[in-house]
Amino acid sequence: DDPININDPEHPGQTIKSTGRREVAKAMNMVLDQDLASGFELQANPKDVIFVYGFASNPFMEIGSASGNDPAGLKGLAQYLASSTHNGGTNMFGGVERALRFLFYEQPDKTCSLAIIVLTDGDSNEGPAASEFEGIYEGFVNETGLRIPVYAIPFGLNVNVDQLSVFTITGGGPILD
């Protein structure tokens, strides 16, 4: 990734020189650091279970997980994410499909509320296209009877909002910015 200047969410009014990897780490930190997350009303609650999947070229890679809203555990997950590697490319819709299937077939607590939050810094350029995702999502709903909302949080300079809007059409989750 070529470095770019972006607004630093932890220091308003300042910019940082960044690559896509650094942006991913900063965005995840904004969600997982409970002090920062409170500014976006995204705080975890004690019953939350958070699974993080990468959707670079391999959307099936679980990067990490945390349970509850323990700030130390969530910050530990954020630090782990900052040190993890990804191999470029963006398979966003394949990653969301994998997350849908994980939540239905592998998530052990069937009594909790389910949601998917997609943090992305660019276009999905691998795997299923945005135009295919509505069919994938409706196939999942027909198969499972479950409509899981998908929320999108775009960041960076290369966001394709048209691709993200498919989540508002299918799962009913808004694009949060």
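Conventions and cut-offs
Residues numbered from 1 in each chain as written. Predicted model: local features only at pLDDT ≥ 70, side-chain atom pairs only at ≥ 80, totals over all residues. Heavy atoms only, no water. Axes fitted to C-alpha atoms, helices over the stretch in contact; angles between N-to-C directions. Helix = DSSP H or I, 4+ residues; strand = E, 2+ residues; numbered from the N terminus. Parallel < 35°, antiparallel > 145°, perpendicular 65-115°, else oblique. Left-handed = near helix turned anticlockwise from the far one by under 90°. Contact = heavy atoms within 4.5 Å. Nonpolar A, V, L, I, M, F, W, Y, C, P; charged D, E, K, R; others polar. pLDDT = per-residue confidence, 0-100. Core = buried A, V, L, I, M, F, W, Y, C linked by side-chain atoms within 4.5 Å. Buried < 20%, exposed > 50% of the residue type's maximum accessible area, 1.4 Å probe, protein only.

Our next topic: the packing of helix H4 (residues 92–106) against helix H6 (residues 161–170). It is the contact of H4 with H6, at a shortest axis distance of 12 Å, that shows an interaxial angle of 25°. With respect to H6, the axis of H4 lies roughly parallel. At the point where H4 passes H6, the crossing takes the right-handed sense. Contacts between H4 and H6 involve Met92, Phe93 and Val96 on the former and, on the latter, Gln163, Leu164, Val166 and Phe167. Looking at side-chain class alone, the contact of H4 with H6 contains 6 nonpolar, 1 polar and no charged residues.

Turning our attention to the confidence of the model for the protein chain. For residues with low pLDDT, the predicted coordinates do not support detailed interpretation. Averaged over all residues, the pLDDT of the protein chain is 76; the fraction at 70 or higher stands at 77%. Per-element confidence in the protein chain ranges from a low mean pLDDT of 40 for strand E1 (residues 4–7) to a high of 93 for helix H5 (residues 130–144). Predicted confidence for residues 1–9 stays below pLDDT 50, and this span has 29 contacts to residues more than four positions away or in other chains. Here residues 14–18 scores under 50 on pLDDT; set against residues more than four positions off or in separate chains, the count is 21 contacts.

Ranked by size, the top nonpolar core spans 22 residues in total, and within it Val96, Leu100, Ile116, Val118, Phe133 and Phe167 carry the most contacts. Elements with a contribution of two residues or more to this core: H4, strand E5 (116–120), H5, strand E6 (150–154) and H6. Per-element accounting of this core gives the leading share, 7 residues, to H4. Apart from the residues lying within four places of it in its own chain, the contact partners of phenylalanine 133 are Phe93, Val96, Glu97, Leu100, Val166, Phe167 and Thr170. Grouped together as the second largest cluster of nonpolar side chains are 14 residues, Val52, Leu77, Ala78 and Ile153 included.

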